[in-house]
Amino acid sequence: MSLRLGDIAPNFQASTTEGNIDLYEYLGDGWGVLFSHPADYTPVCTTELGRTALLKEEFAKRNVKVLAVSVDPLEKHEGWKNDINETQQCSVDFPLIADENKTVAGLYDMIHPNASETFTVRSLFIIGPDKKLKLSITYPASTGRNFNEVLRVIDSLQLTAKYSVATPANWQHGEDVIVVPAVSTEDAIKKFEKGVNVIKPYLRYTPQPNID
Ligand code: BEZ
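What you are looking at is a predicted structure, and each value in this text was computed from that prediction instead of being measured. Residue positions are given per chain, counting from 1 as you read along its sequence in written order. Owing to the predicted nature of the model, reporting of local features is limited to residues with pLDDT of at least 70; listing and counting of side-chain atom pairs is limited to 80 or more, with chain, interface and lining totals taken over all residues. Just so you know, side-chain values use all the structure's heavy atoms and leave hydrogens and water out.

What to know about the sheet that holds strand 8 (residues 165-166)
Strand pairing is defined by DSSP finding a minimum of two bridges between the two strands. To qualify as a helix, a DSSP run of H or I must reach at least 4 residues; to qualify as a strand, a run of E must reach at least 2; elements of each kind are numbered from the N terminus. If you trace the 4 strands from one edge of the open sheet to the other, you get 8-9-11-10, paired in antiparallel fashion. The sheet is open, and its two borders are formed by strand 8 and strand 10 (197-200), each paired with just one other strand. Taken together, the 3 bridges between strand 10 and strand 11 (residues 203-206) define a ladder with antiparallel strand orientation. Among the inter-strand pairings, Asn197 is bridged to a residue of strand 11, identified as Tyr205.

With respect to the packing of helix 2 (residues 43-54) against helix 4 (residues 74-88)
Orientation is described by lines fitted to C-alpha atoms, with helices fitted over the stretch in contact, and by angles between N-to-C directions that extend from 0 to 180 degrees. Between helix 2 and helix 4, whose axes approach to 9 Å, the crossing angle comes to 70 degrees. The angle between helix 2 and helix 4 falls in the class roughly perpendicular. Two secondary-structure elements touch here, helix 2 through Cys45, Thr46, Thr47, Leu49, Gly50 and Leu54 and helix 4 through Trp80, Ile84, Thr87 and Gln88. Each residue gets one of three labels, nonpolar for Ala, Val, Leu, Ile, Met, Phe, Trp, Tyr, Cys and Pro, charged for Asp, Glu, Lys and Arg, and polar for the others, Gly among them. When the residues that make up the contact of helix 2 with helix 4 are grouped by side-chain class, the tally is 5 nonpolar, 5 polar and no charged. An angle below 35 degrees is read as roughly parallel, one above 145 as roughly antiparallel, one from 65 to 115 as roughly perpendicular, and any other as oblique. Contact between two residues is taken to exist if any of their heavy atoms lie within 4.5 Å; hydrogens are not considered.

Concerning unusual backbone geometry
A positive phi angle, near 55 degrees, is found at Asp109, a position not held by glycine. Inspection of the secondary structure puts Asp109 in the loop between helix 5 (103-107) and strand 6 (122-127). The phi dihedral of Asn170 is positive, around 60 degrees, even though this residue is not glycine. Topologically, Asn170 is positioned in the loop between strand 8 and strand 9 (177-179).

Topic: the environment of Asp130
Position of Asp130 among the secondary structure elements: in the loop between strand 6 and strand 7 (133-139). In this scheme, a residue with accessible area under 20% of its type's maximum is buried, one over 50% is exposed, and one in between is partly exposed, where area comes from a 1.4 Å probe on protein chains only. Residue classification places Asp130 among the partly exposed residues on the basis of a relative accessible area of 39%. C-alpha separation for the pair Asp130 and Thr46, spaced 84 residues apart in sequence, amounts to 31 Å. Of note is the side chain of Asp130, whose polar atom sits 3.0 Å from the backbone nitrogen of Lys132. Under this definition, polar contacts are N or O atom pairs within 3.5 Å; protein pairs additionally need one hydrogen-donor-capable and one acceptor-capable atom, and for neighbouring residues in sequence, both atoms have to be side-chain atoms.

Listed below in structure tokens is the structure:
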């Protein structure tokens, strides 16, 4: 059965380019991004993994560890990693999981038989410190994901986990956010010191609370 938001992210042990890992141990108390790609030595995947490596500091700043997975073997991952580093001017140092027996692909429903019987699609899961799934997206093989969008969602998830706010369409870190419907306007005015802008009784904005 497919995984849904709020479900516990299944734990697993896997062989990776960074050694054998246990997902939960690897993530510790932090956040995780687990993403699959169809196959090694493919062009779109090469750019995706390169982009992820180049964003290393952005993920680290947010206390997020990343792991990539495909059903190719470890030796193939190692060779391909060199190509990624060379062509994308990066240094991939996050684990590439060699999921030859499709354990991870099965647990996370990453093979969609009507797209491909054998290869994983471009699934991406964000896992919270409580090990619950906070986001899942699925892209086809032909479309590379936008990793700036992944960071944007992480910013929203981390903010809304702490404050009674939600983030509007196209929100970027630093922009005003929305007061959640469960908070009355009277309470919102007390809660959000920077002020509340009431457009409609159900549409109230406040400056992002966790920045100066
Ligand atoms: C790619 O990563 O470039 C790719 C993989 C499978 C099908 C199409 C593109």
